[in-house]
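Letter by letter, the chains look like this.
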Amino acid sequence: MLTPSPRGDVSAAVLEALRTGAAPAAIRASDASGEDDLHLALWVLFELSYRGFEDVDERREWDPDLIAVRRSLEDAFEAELRDRCTPTPVGDDVATAIFAMCEADDGPSLATYVHRHATHEQVEQLLAIRSVYHLKEQDPTAWVVPRLGAGPKAALLELQFDEYGNGDPNRLHHHLFAKGMEAAGLDPKYGAYVDQAPAEALAQNNVMSMFGLQRRLRGAALGHLAAFEATSSLPSRRMAQGLERLDFPPEMVGYYTEHVEADAVHEQLAARTICGALLDDDPHLREDVLLGASVCLDLENRLAGRLLEEWAA
Amino acid sequence: MSGQEVFDHPDVVLCPGGPMLLRGDHVIEGPDGTRHATTRPVSAVCRCDKSAVLPWCDGTHKVLPEKLRPS
Ligand code: FES
Ligand SMILES: [Fe+2]
Ligand SMILES: [Fe+2]
């Protein structure tokens, strides 16, 4: 993948530094010209730790000046999320609390819109936007593995093994999505649609990277995972039916039908076994787990709100 | 002599209000005699009988009124 196009001063400075090999200008989150600028810059900096860019020297991943910029952007993003997402504690059992939060969430649903109303073109746009995450599905949470004790580690791997195809690359979820994209005539290349992804979608990606890459935020990473899985089975069914209505190819439909069944398992594992085992080891992470769940719901609602408003126009 | 924890890791887990989790490989025979083999390390078998992909759970139990959810 080549570096994307800048969206403001901060992303321009970061991209310029990456492409030329120079030190970045002394920029901070407060210099960002908006959400798009901040989240693109942060997305690019995080991407250095995933697959990187063909036009950037791989050694820049650990460039201290770039890390300083990243920390400033992360801090601003985390403060905003902590300010906006304040889960009300429910009961003792963490799984019950997570399922209750997901059930109580009455935000707008893209899957419901796709099910009955979206046009072919709108669904193509949505798939392109979703590809920014689905082509690295589960990877951000994989950063958490070495930070866990035996109980939560084994529990997380039990879920991740299924996400990664149980040893069969043909069943690996991000590969299933790539096959769906290709069959649907969309570009299946990793990162192909980053320039088309709105700030809200980049923010969803960034939050998973931030929770995954900062050990301190491991509770939030696993709470986010639980809410993500717990809001997937039923919407995946609606997505599959909407894609069938619009004659999308079986490979693309198949990605979603796989998630109807897989995530009915994963939501139980994530909320009960994974978050449960994490809190057995580290009860003080409970608030972070619930924060992660709340952030997951919040950021999906923001993307849905943005796209549904755009489509209604 | 070791103080290391022995973890609970049951083969079958009944989720309150939801499916039965099955660890490992199994073949499930449905009421009409059809056989369904598990394909994942852990499978979720529907207990509310309202799933559209029986014998597996598809999350439908979450939209049922409390009294129709499995105990
Ligand atoms: S138990 Fe989940 S759909 Fe029946
Ligand atoms: Fe998946
Ligand atoms: Fe999943």
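Residues numbered from 1 in each chain as written. Chains lettered and ligands numbered in written order. Predicted model: local features only at pLDDT ≥ 70, side-chain atom pairs only at ≥ 80, totals over all residues. Heavy atoms only, no water.

**Focus: the coordination of the iron ion (ligand 2)**
All names here are of chain A.
- Coordination sphere of the iron ion (ligand 2), protein contribution only: E137 (OE), E163 (OE), H173 (ND1) and H259 (NE2), at 1.9 to 2.2 Å.
- The sequence pattern describing where the donors of the iron ion (ligand 2) fall on their chain is E-x25-E-x9-H-x85-H.
- Between the two metals, the iron ion (ligand 2) and the iron ion (ligand 3), the spacing is 3.7 Å, and E163 donates to both. Of the two residues, E137 sits in the loop between α6 (120-134) and α7 (139-142) while H173 sits in helix α9 (residues 173-183), which places them 36 residues apart along the sequence. Pair check on accessibility: E137 and H173 agree, each one buried. (Donors = N, O, S within 2.8 Å, 3.2 Å for Na, K, Ca; no water. Helix = DSSP H or I, 4+ residues; strand = E, 2+ residues; numbered from the N terminus. Buried < 20%, exposed > 50% of the residue type's maximum accessible area, 1.4 Å probe, protein only.)

**Some words on the nonpolar core**
Residue and element names in this part refer to chain A.
- Formed by 116 residues in total, the largest nonpolar core has its most connected members in L73, L127, V207, L222 and Y256.
- Per element, the largest residue contribution to this core is 13 residues, and it comes from helix α13 (residues 250-281).
- When residues of this core are assigned to domains, at least three map to each of domain 1 (9-82) and domain 2 (89-312).
- Setting aside its immediate chain neighbours within four residues, Y256 contacts L127, H134, F177, S236, M239, A240 and L243. (Core = buried A, V, L, I, M, F, W, Y, C linked by side-chain atoms within 4.5 Å. Domains from an automatic or database assignment. Contact = heavy atoms within 4.5 Å.)

**Structural notes on the domain arrangement of chain A**
Residues and elements named next belong to chain A.
- Domain assignment breaks chain A into domain 1 (9-82) and domain 2 (89-312).
- A C-alpha centroid distance of 24 Å is found between domain 1 and domain 2.
- Contacts between domain 1 and domain 2 engage 19 residues on the former and 28 residues on the latter.
- Surface buried jointly by domain 1 and domain 2 totals about 2100 Å² across both partners, of which 61% is contributed by carbon and sulfur atoms.
- Summed over the shared surface of domain 1 and domain 2, the result is three salt bridges. (Buried area = accessible area lost by both parts, 1.4 Å probe. Salt bridge = Lys/Arg side-chain N within 4 Å of Asp/Glu carboxyl O.)

**Overview of the side chain of R40 of chain B**
- Assignment of secondary structure puts R40 of chain B in the loop between β4 (35-37) and β5 (42-45).
- Polar contacts involving the side chain of R40 of chain B include one to the side chain of D162 of chain A, which spans 2.9 Å. (Polar contact = N/O pair within 3.5 Å; in protein donor to acceptor, adjacent residues only side chain to side chain.)

**Things to note about the packing of helix α4 (residues 94-104) of chain A against helix α14 (residues 286-312) of chain A**
Residue and element names in this part refer to chain A.
- Across the interface, α4 lies against α14 with an axial gap of 10 Å and an inter-helix angle of 20°. Regarding the angle of α4 to α14, the classification is roughly parallel. Crossing hand, α4 versus α14: right-handed. In this structure, α4 uses V94, A97, I98, M101 and C102 to contact α14, whose residues at the interface are R286, V289, L290, A293, S294 and L297.
- Tallied by class, residues from the contact of α4 with α14 come to nine nonpolar, one polar and one charged. (Axes fitted to C-alpha atoms, helices over the stretch in contact; angles between N-to-C directions. Parallel < 35°, antiparallel > 145°, perpendicular 65-115°, else oblique. Left-handed = near helix turned anticlockwise from the far one by under 90°. Nonpolar A, V, L, I, M, F, W, Y, C, P; charged D, E, K, R; others polar.)

**A few points about the interface of chain A and chain B**
- Taken residue by residue, the interface counts 23 residues in chain A and 24 residues in chain B.
- Both faces combined, the contact of chain A with chain B buries some 1900 Å², and carbon together with sulfur accounts for 54% of it.
- The largest contributions to the chain A side of the interface with chain B come from E158, L234 and E261 of chain A, which together make up 27% of the buried area.
- Summed over the shared surface of chain A and chain B, the result is seven salt bridges.
- Across the pair D58 of chain B and R237 of chain A runs a salt bridge, and its minimum N-O distance is 3.1 Å.

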